[in-house]
Amino acid sequence: MTLIDGYLTGNRNRHAEGAGAGAGQRSEAFSALFDPTTFRHIERLGIGPGWRCWEVGAGGTSVVSWLAKRVGPTGRVLATDADISWQTSAARPPVEMRMHDVGVDAPPAEGFDLVHARLVLARVPDRELALRAMIRALRPGGRLLIEEPDSALQPLPCPDEHGPAQQLANRLRHALLTERGADLAYGRALPRLLRAAGLRQVEADAYFPLTSPACTALETATIQQSRTALTSAGLATEDDITDHLANIAAEPMDLATPPLISAWGRKP
């Protein structure tokens, strides 16, 4: 899901690839980076008391908890993921947790006012099937919000490549992109795909974090967890990775993520 590994893979396989503290650090970084953008879009779509929402590939509690507060006791939030081991406490109304793989399983039968997925579709093998499933779960007039990266638009962790530390960071990011197999240009296609799927009033924008503590934390956790994959594939040496992590710790680095494309539309 980066690159940042978690950013490339999104919510899928997060726990298999990065169990333990690293996975938790990535999840916290994603929340810090992208929750404000997600919440802004959902508020713009008109969420309010009584709404029925489906959070696809939830992967954590920050968005689910925010949705629950907005819909209130008369609403409903269904949070699904192929792996819900991250859920450490029992869900309480209006939240329901359910194990579900959007790329394989049939969608929930109920009609939702809002379906939202963030960093999910780029790694789903059958994205068209998953997108159709989410749209089918909407009630007439319901809103779909999809948020995916577009690493091909901006693949560099250090766009301002002014020294050896930044050059090394960019070389390791290129190695990660080589090692991972996601569709790096998927985000830009979202508006076209939503229109082709029959949604109306389609709009989209992009959010591009250029530097922040969360970007740094995400880069550190991802490089640490990708160390074996990169060295085993001959894409980087142990010294490369050690030097990059030391550079991050020793000096301020303006580390960026790829743009997050948010696209939304309404079901007729």
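Preceding block: the structure.
Attention here is on the structure that accompanies the text. Here the structure is a predicted model, which is why all the values come from computation and not from measurement. (Residues numbered from 1 in each chain as written. Predicted model: local features only at pLDDT ≥ 70, side-chain atom pairs only at ≥ 80, totals over all residues. Heavy atoms only, no water.)

**Structural notes on helix α5 (residues 127-136)**
Since the α-helix packs 3.6 residues into each turn, any two residues three or four apart lie on the same face.
Step number 1: Turning to α5, its buried residues are A130, L131, A133, M134 and I135.
Step number 2: On its buried face, α5 is in contact with β1 (52-56), β4 (112-118), β5 (138-149) and α7 (190-196). (Buried < 20%, exposed > 50% of the residue type's maximum accessible area, 1.4 Å probe, protein only. Helix = DSSP H or I, 4+ residues; strand = E, 2+ residues; numbered from the N terminus. Contact = heavy atoms within 4.5 Å.)

**A look at the packing of helix α6 (residues 164-179) against helix α9 (residues 238-250)**
Step number 1: Two elements in contact, α6 and α9, have axes whose closest approach is 10 Å; the angle formed by their N-to-C orientations is 125°. Taken together, the axis directions place α6 and α9 in an arrangement best described as oblique. In the packing of α6 onto α9, the handedness of the crossing is left-handed. Contacts from A165, L168, A169, R171 and L172 in α6 reach D240, I241, D243, H244 and N247 in α9.
Step number 2: The residue inventory of the contact of α6 with α9, partitioned by class, reads five nonpolar, two polar and three charged. (Axes fitted to C-alpha atoms, helices over the stretch in contact; angles between N-to-C directions. Parallel < 35°, antiparallel > 145°, perpendicular 65-115°, else oblique. Left-handed = near helix turned anticlockwise from the far one by under 90°. Nonpolar A, V, L, I, M, F, W, Y, C, P; charged D, E, K, R; others polar.)

**Considerations on the sheet that holds strand β7 (residues 260-266)**
Step number 1: One open sheet accounts for seven strands, arranged β3-β2-β1-β4-β5-β7-β6; its pairing is mixed. Of all strands in the sheet, those with a lone pairing partner are β3 (95-99) and β6 (200-207), marking the two edges. On average, adjacent strands in this sheet sit at an angle of 15° to one another, irrespective of strand direction.
Step number 2: Relative to β7, β6 runs antiparallel, the two sharing six bridges. Following the sheet pairing, D205 is matched in β7 by S262.
Step number 3: Lying on the sheet, helix α4 (residues 62-71) is in contact with β1, β2 (76-81), β3 and β4; it crosses β2 at an angle near 165°.
Step number 4: Those strands touched by α5 are β1, β4 and β5, and its axis lies near 145° from that of β5. (Pairing = 2+ DSSP bridges.)

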